[in-house]
Structures are given as C-alpha cells and as structure tokens.
Amino acid sequence: HGQGLLSSGINAEYGGLEDVTLPNINIREVLTPFQCTYLARSLNRLLDPVNIAFPGKTVPSTSEMESIVRLMVSELTAARGDNDLKKLSTNNIVKCIRDILNKCEALLHHGSGVSDIAGAPNQYHIKNMQVLNVLCTLHSKLQDVPADLTVGKNEVWNVISENFNTLLNPFRSQIEHILNTIHDMDYTFDKQDIAGCSTYIGLVEEAVTHLTSNYLSHLTNKPALLIKLQEFQKSIVSLYLHHLCVIRPLGEGGKMKIATDIAEMERVLGGLLEDHSVSEPFKLLRAFRAALFLSVEDLITVRNVPRPLLLNHLFARAGEALLSPYKVAGWTPAQYVAWLHSHPDEMLDMVQGTVQWYEDMIRESGATSFDAVYPHIVELLQN
C-alpha cells in the first residue's frame with residue numbers, strides 16, 4: 001500500500017513530461033572544441049622535433065628524420081579509432097612534411113658554386129647532398145606511414161627530383177660538350193683497325209667516373225634515386241644516338257668505328273647504375289648498331305629503332321645533293337642535335353620540309369632523276 005502511494009506521488013510530480021521534446025544534441029559538435037585542442041597539440045608534437053632537428057644552418061641526421069616519421073605513425077595510431085580524426089591528423093602530418101621541406105629548401109644552395117665540378121665536391125655540393133640524403137630518408141620512410149600521404153610524398157619527391165637534377169646538370173652539360181666533338185672526327189674511311197675506340201669515349205668515361213666516385217658516393221640512399229639515375233642514363237643515350245644518326249659522310253670503316261664506340265659507350269654508361277642488366281636504352285643502342293650495316297632497303301623495315309633516327313641516318317646514306325635537314329636549315333650538326341633533343345615532336349616536319357626543298361631543287365635544276373635514297377626517305381615518312 002505504501003509503494004502504491006509512492007508511485008502515485010511520483011506520477012503526480014512528473015506528470016505531463018511525456019509531451020516534452022528533448023533537444024537533438026550532435027555529440028560531434030559538442031566535442032569539436034576538444035578535437036581542435038587535441039589537433040593543435042598533436043601538430044605541436046609533430047613540429048617541435050622538426051624545429052629541434054633544424055637548428056640554423058645545420059642539416060639534420062637521417063636518424064632524426066626517422067624519429068620524426070615514427071612520431072607521425074604514433075599520432076596516426078592514436079587517432080585510428082575515428083576516421084574523421086584520422087583524416088585531420090593526416091592533414092597535420094602533411095603540414096609537418098611541408099615544414100620539413102621549407103627548412104630543407106632554406107639549406108640548399110642554388111648559386112654558381114654547384115656548377116663547378118672540376119674537382120672534388122665543394123661545400124655547396126656537400127651540403128646539398130646531405131639534404132638529399134635527409135629527403136630520401138623521409139620519402140622512403142613515408143611509404144610505411146599508414147595513411148594516404150600521396151600529396152605529401154609527391155611534394156617530397158618533387159624537391160628531391162629538382163635538386164638531384166641540379167647535381168647532375170653540370171655533368172650532363174659536360175657530356176653534351178664532349179659528344180659534340182663526334183662531328184669533328186672523320187668517318188669516311190672504308191677500312192678500319194678495330195683496335196681502340198674514339199677519343200670521346202674516354203672523355204665520357206672520365207666524366208661518369210668523376211660523377212659516381214666523387215659525388216654519388218656521398219649519397220646514402222641510392223635505391224631512392226634509382227629512377228633519376230635511369231632517367232639521366234636514358235637522356236645521355238638518346239643524345240648520343242641523335243649524334244650518331246646525323247654523322248655524314250659515313251664509310252664502311254666509319255660504321256665499324258661507330259659500332260666499336262657504341263659497345264664501349266654501353267659499358268661506360270652502365271657504370272651509372274649498380275644494376276648491369278640490359279636496359280631499354282641499351283637495347284636501343286644495340287639495335288642502332290645493327291642497323292648501321294643494313295642496306296637502305298632493309299633500313300626502312302626496321303621496327304626496333306625509332307623512325308626519326310632512321311630518317312636522319314638515311315640522309316647519311318645519300319649523295320651530296322640530298323642535304324641533311326641541318327644543312328638546309330643552316331645549322332651545325334651540334335645545333336641540330338640540340339634541337340632534336342628538345343623538339344622531338346617537330347622532327348618529322350623538319351624532314352618533310354627538307355624533302356620538299358630537295359624536290360623543288362631538283363625540279364628547278366632540271367635534273368632527270370632523284371637520289372637513290374630519296375624514295376626510301378619518302379616511304380619511311382609516309383609510314
């Protein structure tokens with residue numbers, strides 16, 4: 001009976017509350033201020049060791065960079081229970097990466113000192129390579145971070161790529177200058193003493209050895225830079241082939257000399273990489289070496305050498321009246337090769353223009369026949 005009275009009292013006191021609508025509370029909105037505080041502190045935890053690792057002009061060690069990446073992983077692990085929080089933590093990590101990149105950029109030297117490669121690396125080379133080592137460590141370790149850091153990793157790679165190019169470009173220019181001397185040599189002879197290769201090969205080898213022994217030896221994470229070295233090797237091979245295909249006049253002994261040089265060049269440029277397997281650029285070198293000894297009729301059927309190389313080489317097989325494209329343009333072979341290397345998509349138009357010039361010249365001169373190579377150039381152009 002007492003319990004009934006108690007129940008009646010409660011109902012009387014709270015009667016009517018069934019019609020009251022409670023506010024619709026968004027728990028995430030309530031927690032947002034706490035989340036912002038957490039993220040701000042998390043960002044500070046990420047940036048503090050970065051500031052410590054970059055004291056003034058000193059390059060941090062690779063171990064310090066590894067510790068920073070481990071802290072990134074720790075912050076993501078703490079946020080793994082909430083996808084939204086993990087995304088926001090990932091944004092913090094990208095901010096941390098950008099802070100590292102800004103500090104690395106401030107340490108890099110881009111002045112004239114880096115183009116001086118006559119001797120051992122100078123202080124600017126040394127510091128730039130130390131920064132490259134740090135950036136390569138960062139890029140490699142970021143692969144293990146359990147988050148989508150595509151944007152951050154791409155930004156790191158862009159800085160690595162740009163500054164590795166800065167290191168390689170003086171050597172590229174040196175090798176380009178050496179290869180220009182190919183056109184100072186005589187390749188008109190019909191017989192050749194197979195022993196020995198051309199002098200430019202030895203000069204290229206000196207440049208490559210200087211690069212690998214005195215500069216690349218300072219880099220501690222070569223696997224991270226493999227793709228850049230492959231690009232450099234491919235670029236030099238491409239430039240070399242452009243030089244070879246415009247050599248003119250060319251005797252049978254000259255072809256043998258070039259074949260010997262190609263084999264040696266493959267050996268020399270192979271020294272850029274620790275992997276000595278036959279790469280695609282080297283396959284192309286070998287294919288062009290074989291094409292040197294084909295007849296004009298067979299040359300136009302070759303499929304493993306790019307058409308622009310074959311077309312330029314066909315002019316070398318022609319008589320004096322059928323001028324090479326660079327002669328018609330009034331350029332030296334070196335100028336033409338530089339243009340070919342930087343305007344690959346315009347080369348066919350250049351050859352087409354040369355063919356048109358030759359046809360007009362024959363017509364105006366009243367000659368009764370074309371050079372025997374002319375129809376094969378036209379056929380290859382039309383293919």
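Report follows, based on the coordinates.

Basis of the calculations
- Residues numbered from 1 in each chain as written.
- Predicted model: local features only at pLDDT ≥ 70, side-chain atom pairs only at ≥ 80, totals over all residues.
- Heavy atoms only, no water.
- Core = buried A, V, L, I, M, F, W, Y, C linked by side-chain atoms within 4.5 Å.
- Buried < 20%, exposed > 50% of the residue type's maximum accessible area, 1.4 Å probe, protein only.
- Helix = DSSP H or I, 4+ residues; strand = E, 2+ residues; numbered from the N terminus.
- Contact = heavy atoms within 4.5 Å.
- Expected span 1.5 Å × (residues − 1).
- 1 Å grid on protein atoms, 1.4 Å probe; cavity = no way out; pocket = protein on both sides within 12 Å on 5 of 7 lines; lining within 4 Å.
- Points joined across faces, edges and corners; volume = space filled by probe spheres on them.
- Nonpolar A, V, L, I, M, F, W, Y, C, P; charged D, E, K, R; others polar.
- Axes fitted to C-alpha atoms, helices over the stretch in contact; angles between N-to-C directions.
- Parallel < 35°, antiparallel > 145°, perpendicular 65-115°, else oblique.
- Phe/Tyr/Trp six-rings, centres within 6.5 Å; stacked < 30°, edge-to-face > 60°.

**A word on the nonpolar core**
Line of reasoning, step 1. Core analysis: the largest hydrophobic core is formed by 107 residues, its most contacted members being Ile-100, Tyr-200 and Tyr-240.
Line of reasoning, step 2. Considering each element in turn, this core owes the most residues, 10 residues, to helix 6 (residues 150-180).
Line of reasoning, step 3. Apart from the residues lying within four places of it in its own chain, the contact partners of Ile-100 are Val-50, Phe-54, Met-65, Ile-68, Met-72 and Leu-138.

**Here's the deal with helix 8 (residues 226-245)**
Line of reasoning, step 1. In this model, helix 8 (20 residues) spans 29 Å end to end at C-alpha, consistent with the 28 Å of a helix rising 1.5 Å per residue.
Line of reasoning, step 2. With 14 of 20 residues buried, helix 8 is to be regarded as a mostly interior element.

**A short note on empty space enclosed by the protein**
Line of reasoning, step 1. Enumeration according to the criterion identifies one cavity of 30 Å³ or more in this entry.
Line of reasoning, step 2. Taken as a whole, the largest cavity encloses approximately 70 Å³ of empty space.
Line of reasoning, step 3. Forming the walls of the largest cavity are Leu-108, Val-114, Tyr-124, His-125, Asn-128, Met-129, Leu-132, Asn-163, Thr-166 and Leu-167.
Line of reasoning, step 4. Going through the elements one at a time, helix 5 (123-142) and helix 6 are the ones with two or more residues in the lining of the largest cavity.
Line of reasoning, step 5. With five residues, helix 5 is the largest single contributor of residues to the lining of the largest cavity.
Line of reasoning, step 6. A per-class count over the lining of the largest cavity returns six nonpolar, four polar and no charged.

**A few points about the layout of surface pockets**
Line of reasoning, step 1. Reported here for the largest pocket is a volume of approximately 300 Å³.
Line of reasoning, step 2. Ser-238, His-242, Leu-284, Pro-306 and Leu-309 are the residues nearest the centre of the largest pocket, which is lined by 15 residues in total.
Line of reasoning, step 3. Looking at the lining of the largest pocket, the elements with two or more residues in it are helix 8, helix 10 (280-291), helix 12 (307-316) and helix 14 (333-342).
Line of reasoning, step 4. When residues in the lining of the largest pocket are grouped by element, the largest group, five residues, is from helix 8.
Line of reasoning, step 5. Its residues placed into classes, the lining of the largest pocket shows 10 nonpolar, four polar and one charged.
Line of reasoning, step 6. The calculated volume of the second largest pocket comes to roughly 260 Å³.
Line of reasoning, step 7. Residue lining of the second largest pocket: 17 residues in total, with Gln-233, Leu-273, Asp-275, Ser-277 and Ser-279 positioned closest to the centre.
Line of reasoning, step 8. Among the elements of the structure, helix 8, helix 9 (252-270) and helix 10 are those that each provide at least two residues to the lining of the second largest pocket.

**Things to note about the side chain of His-243**
Line of reasoning, step 1. In this fold, His-243 is placed in helix 8.
Line of reasoning, step 2. Looking at His-243, the relative accessible area reads 1%, which means it is buried.
Line of reasoning, step 3. Residues in contact with His-243, not counting those within four places in the same chain, are Leu-179, Asn-180, Ile-182, His-183 and Val-337.

**A word on the packing of helix 8 against helix 12**
Line of reasoning, step 1. Packing of helix 8 against helix 12 leaves a shortest axis separation of 8 Å and a crossing angle of 25°. The angle between helix 8 and helix 12 falls in the class roughly parallel. Contact residues: Leu-241, His-242 and Cys-245 in helix 8; Leu-309, Asn-312 and His-313 in helix 12.
Line of reasoning, step 2. Of the residues in the contact of helix 8 with helix 12, the class split is three nonpolar, three polar and no charged.

**Considering the packing of aromatic side chains**
Line of reasoning, step 1. The final tally for this structure, using the stated rule, is nine aromatic pairs.
Line of reasoning, step 2. Here Tyr-200 and Tyr-240 contribute two aromatic rings whose centre-to-centre distance is 6.0 Å and whose plane-to-plane angle is 55°, an arrangement assigned as tilted. With Tyr-200 in helix 7 (residues 199-214) and Tyr-240 in helix 8, the pair connects residues that are 40 residues apart, well separated along the chain. Like Tyr-240, Tyr-200 is buried.
Line of reasoning, step 3. Ring centres of Phe-370 and Tyr-374 lie 4.4 Å apart, and the angle between their planes is 20°; on these two criteria the pair is classed as stacked.
Line of reasoning, step 4. By way of ring pairs, the aromatic residues Tyr-326, Trp-331, Tyr-336 and Trp-339 are connected into one cluster.

**Some words on the side chain of Asn-312**
Line of reasoning, step 1. Following the sequence through the fold, Asn-312 ends up in helix 12.
Line of reasoning, step 2. Given a relative accessible area of 3%, Asn-312 falls into the buried group.
Line of reasoning, step 3. Once residues within four sequence positions are removed from consideration, Asn-312 is found in contact with Cys-245, Val-246, Pro-325, Tyr-336, Leu-340 and Met-347.

**A look at the environment of Met-185**
Line of reasoning, step 1. With respect to the secondary-structure elements, Met-185 resides in the loop between helix 6 and helix 7.
Line of reasoning, step 2. Once the C-alpha coordinates of Met-185 and Trp-339 are considered, the two residues, 154 residues apart in sequence, prove to be 21 Å apart.
Line of reasoning, step 3. If we ignore the near neighbours within four places in the chain, the residues touching Met-185 are Ser-198 and Tyr-200.

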